[in-house]
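Residue-level listing of the chains:
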Amino acid sequence: MNERIFNRGSVISTEGGTFLERPKLTGLFADAIKKPLIIVSAGAGYGKTLAVYSFLQNYDTLTMWFQLSEHDNVGARFWENIANTVALKNKRFAERLLEIGFPETEELFGKFISSFKDEILSAGKSVMVFDDFHLIHEKSVSQFMERAIKSPISNITTVLISRTDPDINIVRLQSQRMVTIIGEDDLRMTEAETAQYFQLLGIHLSPQSIANICRDTVGWVFGMNLISLALKKAPDREQSARIAMKLNIFKMIENEVFIVSSERLQRFLIKLSLIEHLSAELVSILAEGDENLVDELKGISSFVRRDTQLQTYFIHHLLLEYLRQKQNILTEDEKHDVYLKAARWCEDNDYKMDAVSYYGRAGEYKEIIDIVYHFNIQFPYEQAKFILDIYEGAPAHLLECFPQYYRQYTALLLNLNRQSEALANVKELIERYSALPASDFSNHVLCDAYMSLGIAKYMTAPHTGRYDFYESFEKAHYYYNLNPYRESAMANSVTLSALVSKVGTARSGAMEEYIDSLTRSLPALVNILNGLLSGLDDLARGELYFYKSDLDSSVKSLRKSIQQAEERNQYEVINRALFYLLRIAAAKGDFAEIQSVFKHLETLLEVREYHSRFTTFDIISSWYYAILNQPSLIAQWILNGDFGKGYPGIFKADFGDFVRAKFYYSDKRYHRLISFIESNPAFCDVLFGKLEMKLLMAASLYQLKERDASLAALKEAYELASANALTMPFIELGNDMRTLTRAAMRDKNCGIPAQWLELVNRKSATYAKRRLQIISEYKKANNISDDLRISPRELEILRDLCDGLSRAEIAANRELSVSTVKMVLNTIYTKLGASSLADAIKIAINRNLIKK
């Protein structure tokens, strides 16, 4: 898939590049371009692409043109090509697209559309063209396109060029008259246009001959082109040219294009039909620098066009279909040479997935292994499946001679959530190679096998309650030290989960066992994996101290973690440590420290090799804006929809889930929050996650007046926390936890010690005061006014409530429905930043909105 950026054009092109004006079709496009979607649907040879291309050349707009192929049915490849072509114009946005990854989930799509709007709205009118859309049959890719089309942006028009009606649901857009469909009848050439076309070519025909050609071709543009080629050679053969075109289109291509070409051009054309990337540079490489051959290729410009802006060649579909039928003419050595050169060009130009595909066709599996070796060990699902399919389709003996293959195969299985297969594969490798005589090869395989076993044990620790994963990592380190090549076993970056702890039980001492195992694992991990996860153990200690409310000890461990991580460029570790430092600063009411943390976070945005930097910054800043009551500043993709499940299987990237849950609560979306928690059980695999969600559930139920259920949930949260003295999640709920603990203290059967409730109540009140202090300093620093705009109706209802009237009484007195009174009251709460009626009245009195 390639992108073409145009600025200005018309509709039918002669071989010399002259365009035939088609006013009716131009007018149709001129009206259509005002709508969000244009579908140009017709069979092969109707001039769909040229019609769109030529119109847009005369239309003053930014146009992005994506040439689709069968390869784009792999999500990762589809997205890689988009990012690479976007990079030609906007490298920063391309990096953002790569960080987001193929948007196969609602979460990722939300990130994409938010970023896309930011980039495109400032560009004025823009057109996005997707050519050969009929080649897309992968559901995830077509669903992405459907979602993008259904999210219209005011200055964007999407054009789909397809041989068939696109398999997307556009009923709503059609009902709103937001779609124009241009079909075969619109694209057929009229007699007048046909006569003008042949005149431009210098072919003079009688009106009857024009009528005959139009009748036989039914206005089919490609048929016109073929007849013109024959008539150029023999102007008096009009009848025989029409008959040949009708009898066998491929035969005519053969006679008028293929046979008349030199033998070396014939063979060269067949070679070009093997690949999709026809960049001018690659075409020159395949021509082995023979400029005469390239010039001969340019000579058949009716079927082969060179895009001078992209420096790319495009071969007409029908000629390609014809050439592909002749690929058996090439020897296996010739095919291998083409695939190998194409793969190397793709690899050099960052089309990694295409490089993997071409190396696979060439049978060069070592090259694939070398490319995959440099990938992050967390593969997107579609990418993992694509690579695994190549490996599983390759002869085993060609792969098993490379020790890195075993590691990659296991990692791919883990990313596809095929854990049982991965474990069985690892255990079989350990058993097989442990029984063989020691060698560099077996040492390499055993190192990787034990590394994979350690990762699997680490990730399943929340369920097994076993923290002996260090044994596997130490064993891997043993075999690593026996390997004279001492290469790092994997890429040195991963995406961390929201919580460092992998402890699922509330058992006292389990946290310390986990951290001890992590500490024992890190020397091996850091050495083998080129610094990967350096500082993670101190991050885990800082996390535990934070949850215990030992903030000073937490800061010491977190600072130490950052220092170690910075030495080895472990940006995710730094990021998580900064997140906890931000939460600690908020708990202390230290606005200056918050500003310092954000400055550090912003420096990470400049680190290009930190691929998830934008996402993590969005998440952390959104948590901060949620506690500031500034929802308008929260990243839009966090606010929209539910998180999908498209993450790699090795590490669940649930950081966004955590912050979204916090936002739902701060925004008083209690029902949605409860539904969100119940539909995301994976976040509750670890103890800290269980505790955070249980507390949000308890507080939400209390706000919804479900007192008994709320207190029951609070008791469950206490039971999760008490053995390890975890109190900070309770305290962070501020005034809401203060209210909830007061209710629990009044309930003799709540089952929670009164002393503990009093402690949490007191500390929650302190947290609430410090939060208000931070909000005040933030507003002052950003010149945000505290002026409130309370409507007359809101003020009336507020006064009635202050006078002790019930909602029903207010509704009767004001001739309103009870539901309207409730809605107005919720608006008042939001404007005042109040969590209860008592809070609202108190704030209103303090601000002189009402009198006592």
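Sequence order as written defines residue numbering, which begins from 1 separately in each chain. Reporting in this predicted model follows two pLDDT cut-offs: at least 70 for local features of residues, and 80 or more for side-chain atom pairs to be given and counted; totals over whole chains, interfaces and linings ignore these cut-offs and use all residues. With hydrogens and water stripped out, all remaining heavy atoms of the structure feed into the side-chain values.

1. Notes on the overall build of the protein chain
Counting secondary structure elements, the protein chain contains 44 helices and ten strands. Here the term buried applies to any residue with accessible area under 20% of the maximum for its type, exposed to any over 50%, and partly exposed to those in between, with areas from a 1.4 Å probe on protein chains only. Out of the 852 residues belonging to the protein chain, those deemed buried represent 58%. Accessible surface is estimated by sampling points in the Shrake-Rupley manner with a 1.4 Å probe; for residues, cover comes only from the protein chains shown. If you sum the accessible surface of the protein chain, you get close to 36,200 Å²; carbon and sulfur atoms cover 49% of it. Note on conventions: DSSP H or I runs of at least 4 residues are helices, E runs of at least 2 residues are strands, and numbering of each starts at the N terminus.

2. Details of a positive patch on the surface
Grouping into patches uses exposed residues only, defined as over 30% relative accessible area, and leaves out salt-bridged ones; the cut-off is 9 Å for like charges and 5 Å for nonpolar side chains (Val, Leu, Ile, Met, Phe, Trp, Tyr). For salt bridges, the criterion is a side-chain nitrogen of Lys or Arg within 4 Å of an Asp or Glu carboxyl oxygen. All tallies of charge rest on Lys and Arg as positive and Asp and Glu as negative; His and the ends of each chain are not included. Throughout, a charge is located at the NZ atom of Lys, the CZ atom of Arg, the CG atom of Asp or the CD atom of Glu. Together, R738, R742, R746, K769 and K842 make up a region of like positive charge exposed at the surface. It is helix 39 (residues 734-746) that provides the largest number of residues to the positive patch, a total of three residues. For K769, the location among the structural elements is in helix 40 (residues 754-781). Since its relative accessible area comes to 62%, K769 is described here as exposed.

3. Here's the deal with the pattern of salt bridges
Counted under the stated rule, the structure contains 43 salt bridges. Between R613 and E95 there is a salt bridge, with its nearest N and O atoms 2.7 Å apart. Pair noted here: R613 is in helix 32 (residues 613-627) and E95 is in helix 4 (residues 91-100), with a separation of 518 residues, a long-range link. E95 carries the same exposure label as R613, and that label is buried. The residue R432 makes a salt bridge to E428 at a minimum N-O spacing of 3.1 Å.

4. Thoughts on the packing of aromatic side chains
In this description, a pair of aromatic rings is defined by centroid distance and the angle of the planes. Paired rings are identified among Phe, Tyr and Trp, the last through its six-membered ring, by centres lying within 6.5 Å, and are further divided according to the angle between planes into stacked (under 30 degrees), edge-to-face (over 60) and tilted (the rest). Considering all chains together, one arrives at 45 aromatic pairs under this definition. Here the aromatic rings of Y405 and Y409 are separated by 5.8 Å at their centres, their planes lie at 40 degrees, and the arrangement is tilted. Residue Y405 and its partner Y409 are located together in helix 23 (residues 403-415), separated by four residues, close to a single helical turn. Accessibility classification places Y405 together with Y409 in one group, the buried group. In this structure an aromatic cluster arises from ring pairing among F78, W79, F102, F109, F112, F116 and F144. Think of it as a cone above the ring: NZ of Lys or CZ of Arg counts as a charge over the ring if it is within 6 Å of the ring centre and within 35 degrees of the ring normal. Here the guanidinium or amino end of R147 rests over the ring plane of F109, the centre of that ring lying 5.3 Å away. When the ring centre of Y478 is taken as reference, the NZ or CZ atom of K475 above it lies at 5.9 Å.

5. Some remarks on the side chain of N443
Positionally, N443 belongs in helix 25 (residues 440-464). By the convention used here, residues are in contact when the closest approach between their heavy atoms is within 4.5 Å. Those residues in contact with N443 that sit more than four places away from it in its chain are Y479 and L482.

6. What to know about the nonpolar core
Remark: nonpolar core denotes a set of buried residues (Ala, Val, Leu, Ile, Met, Phe, Trp, Tyr, Cys) joined through side-chain atoms within 4.5 Å. Core analysis: the biggest nonpolar cluster contains 232 residues, and Y514, L536, Y624, L714 and F730 have the highest contact counts within it. When residues in this core are grouped by element, the largest group, 13 residues, is from helix 30 (residues 571-588). Setting aside residues no more than four positions away along its own chain, F730 makes contact with L691, L695, L714, A717, Y718, A721, M737, W756, V760 and S764. Core analysis: the next-biggest nonpolar cluster, separate from the first, contains 33 residues, W79, F109, M128 and I136 among them.

7. So, helix 24 (residues 419-434)
Helix span, as expected, comes to 1.5 Å for every residue beyond the first. The end-to-end C-alpha separation of helix 24 is 22 Å, in line with the 22 Å expected for 16 residues at 1.5 Å each. Listed as buried for helix 24 are A422, N425, V426, L429, I430 and Y433. Projection of helix 24 onto a plane perpendicular to its axis shows the buried side chains occupying an angular sector of 130 degrees, all on one side. Opposite the buried face of helix 24, at more than 90 degrees from it, the exposed residues are S420, K427 and E431. Looking at the buried positions of helix 24, the neighbouring elements they touch are helix 23 and helix 25. The directions from the helix axis to the C-beta atoms form the arc being described.

8. Concerning the environment of I620
Along the polypeptide, I620 turns up in helix 32. By relative accessible area, I620 is classed as buried at 0%. Between the alpha carbons of I620 and L578 there is a distance of 9.0 Å; along the sequence they are 42 residues apart. Residues within four places of I620 in sequence aside, it is in contact with N575, F579, L582, L601 and F655.

9. A word on the side chain of D538
Position of D538 relative to the elements: it lies in helix 28 (residues 536-547). In this structure the side chain of D538 is engaged in a polar contact, spanning 3.2 Å, whose partner is the side chain of R541. Within the local environment of D538, its side chain forms a polar contact with the side chain of Q564, the two groups lying 3.4 Å apart. Side-chain atoms alone can form a polar contact between residues adjacent in sequence; in general such a contact is a pair of N or O atoms within 3.5 Å, and within protein one must be able to donate a hydrogen while the other accepts it.

10. Looking at the environment of R672
With respect to the element layout, R672 can be found in helix 35 (residues 670-678). With relative accessibility at 35%, the residue R672 sits in the partly exposed group. For R672 and S700, which are 28 residues apart along the polypeptide, the C-alpha to C-alpha distance reads 9.9 Å.

11. Considerations on unusual backbone geometry
Notably, N417 is not glycine yet its phi reads approximately 60 degrees, a positive angle. Among the structural elements, N417 can be located in the loop between helix 23 and helix 24. Although it is not a glycine, K668 sits at a positive phi angle of roughly 65 degrees. Along the chain, K668 falls in the loop between helix 34 (655-666) and helix 35.

12. What to know about the packing of helix 18 (residues 332-348) against helix 19 (residues 352-362)
Structural elements are reduced to axes, namely lines fitted to C-alpha atoms, with helices fitted over the stretch in contact, and the angle between N-to-C directions of any two is expressed from 0 to 180 degrees. It is at 8 Å that the axes of helix 18 and helix 19 come closest, and there the two elements cross at 160 degrees. In terms of orientation, helix 18 lies roughly antiparallel with respect to helix 19. Judged by the sense of rotation from one axis to the other, the crossing of helix 18 with helix 19 is left-handed. Facing helix 18, whose interface residues are H336, Y339, L340, A342, A343, R344, C346 and E347, helix 19 presents K352, D354, A355, Y358, Y359, R361 and A362. A breakdown of the residues in the contact of helix 18 with helix 19 according to their chemical character gives nine nonpolar, one polar and five charged. Angle categories: roughly parallel below 35 degrees, roughly antiparallel above 145, roughly perpendicular from 65 to 115, and oblique for all the rest. Should the near helix be turned anticlockwise from the far one by less than a right angle, the crossing is termed left-handed; should it be turned clockwise, right-handed. By the convention adopted, Pro, Cys, Tyr, Trp, Phe, Met, Ile, Leu, Val and Ala count as nonpolar, Lys, Arg, Asp and Glu as charged, and the other residues, Gly among them, as polar.

13. Considering the confidence of the model for the protein chain
Within a predicted model, pLDDT stands for the predictor's per-residue confidence, ranging from 0 to 100. A residue-level look at the protein chain finds 88% of positions with pLDDT of 70 or above and a mean pLDDT of 83. In the model, residues 1-18 has pLDDT below 50 throughout and makes 99 contacts with residues more than four positions away in sequence or in other chains. Here residues 641-653 is modelled with pLDDT under 50, and outside its nearest four sequence neighbours on either side it reaches 47 contacts, counting other chains as well.

14. Side note on the packing of helix 39 against helix 40
Where helix 39 meets helix 40, the axes come as close as 7 Å, and the angle between the chain directions of the two elements is 155 degrees. With respect to helix 40, the axis of helix 39 lies roughly antiparallel. In this structure, the crossing between helix 39 and helix 40 has a hand that is left-handed. Packed against helix 39, whose contacting residues are G734, N735, M737, R738, T741, R742, A744 and M745, the element helix 40 presents L757, E758, V760, N761, S764, A765, Y767 and A768 at the interface. Each residue belonging to the contact of helix 39 with helix 40 can be placed in one class, and the counts come to eight nonpolar, five polar and three charged.

15. Comments concerning helix 4
Burial analysis of helix 4 places seven of its ten residues in the buried class, which makes it a mostly covered element. Among the residues making up helix 4, those that are buried are F93, A94, E95, R96, L97, E99 and I100. One or two residues past the end of helix 4 sits G101, with phi positive at roughly 80 degrees.

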